[in-house]
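Chain and residue survey
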Amino acid sequence: MIRRSLLTAALIIVGSVAVAPKTMAQTADVPFTANVGSACNFDQIIPGKLVLNQTTNATALAAGFPGGQFGKVFVSCNQGARVSISKPQQTGGPGFTPIHSAGMINSPFGSTSSQGGSPVLLPSGSGLPLDIDMIVDKGSPLVPGSYSYVTTLTIVP
């Protein structure tokens, strides 16, 4: 009897395996998408140095005067872009309202100023150099002190 039960159980197991449907391999595609937007980065910013327009009775400060040093900015863009500059803003030193002030960009791609010039058109690429100049003119002798200014560059891809 035990033998017959074992034989019946074995036949049931073998029969159910033989009757079970065969498993088929299946595949599925998984889609991916991406949007790469335009981007520009300021890679490196090197400060400039302002100097006086004259040694006695100086009325103006600029990086472009003899002995001064332009600021330098390197830009990287993944497509063409436009760059513009603001007027200088005083961030330190004896305050005054200038009779004239301007920020200027000079580059291999063109020049502009904060006095209403058109933006400079930059090509795509990395390490694009921009020389930054600025001037502030008080119109009367400057008070002794340590002056500091900032200009703002704006890049629009």
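Right above here is the structure, for reference.
Residues numbered from 1 in each chain as written. Predicted model: local features only at pLDDT ≥ 70, side-chain atom pairs only at ≥ 80, totals over all residues. Heavy atoms only, no water.

Within this structure, the stated rule accounts for one disulfide. Between Cys-40 and Cys-77 runs a disulfide, and the two sulfur atoms are separated by 2.1 Å. Where Cys-40 bonds to Cys-77 through sulfur, the torsion about that S-S bond is close to 120°, and the disulfide is right-handed. Of this pair, Cys-40 sits in strand E1 (residues 40-46) while Cys-77 sits in strand E4 (residues 71-77), and the two are 37 residues apart along the sequence. (Disulfide = S-S within 2.5 Å. Helix = DSSP H or I, 4+ residues; strand = E, 2+ residues; numbered from the N terminus.)

Attention now goes to the packing of aromatic side chains. If you walk through the whole model with that rule in mind, you get one aromatic pair. An angle of 70° between the planes, with centres 6.2 Å apart, marks the rings of Phe-96 and Tyr-147 as edge-to-face. A residue pair is termed long-range when its members are at least 10 positions apart, and Phe-96 in the loop between strand E6 (89-92) and strand E7 (100-107) and Tyr-147 in the loop between strand E10 (125-137) and strand E11 (148-150) qualify at 51 residues. When sorted by exposure, Phe-96 lands in the same class as Tyr-147, which is buried. (Phe/Tyr/Trp six-rings, centres within 6.5 Å; stacked < 30°, edge-to-face > 60°. Buried < 20%, exposed > 50% of the residue type's maximum accessible area, 1.4 Å probe, protein only.)

Time to look at the nonpolar core. Counting residues in each nonpolar core, the largest one holds 14 residues, and the members touching the most others are Val-75, Val-83, Ile-105, Leu-122, Leu-130 and Leu-153. Those elements that provide at least two residues to this core are E4, strand E5 (81-85), strand E9 (120-122), E10 and strand E12 (153-156). For Val-75, the contacting residues outside a window of four places in its chain are Asn-41, Phe-42, Asp-43, Leu-122, Gly-125, Ser-126, Gly-127, Leu-128, Leu-130 and Ile-155. Within the second largest apolar cluster, seven residues are counted, among which are Leu-61, Met-134, Val-136 and Leu-142. (Core = buried A, V, L, I, M, F, W, Y, C linked by side-chain atoms within 4.5 Å. Contact = heavy atoms within 4.5 Å.)

The three strands lie next to each other as E9-E5-E12, forming an open sheet whose pairing is antiparallel. One side of each edge strand has no neighbouring strand; the edge strands of this open sheet are E9 and E12. This sheet shows a mean twist of 30° between the axes of neighbouring strands, independent of strand direction. (Pairing = 2+ DSSP bridges. Axes fitted to C-alpha atoms, helices over the stretch in contact; angles between N-to-C directions.)

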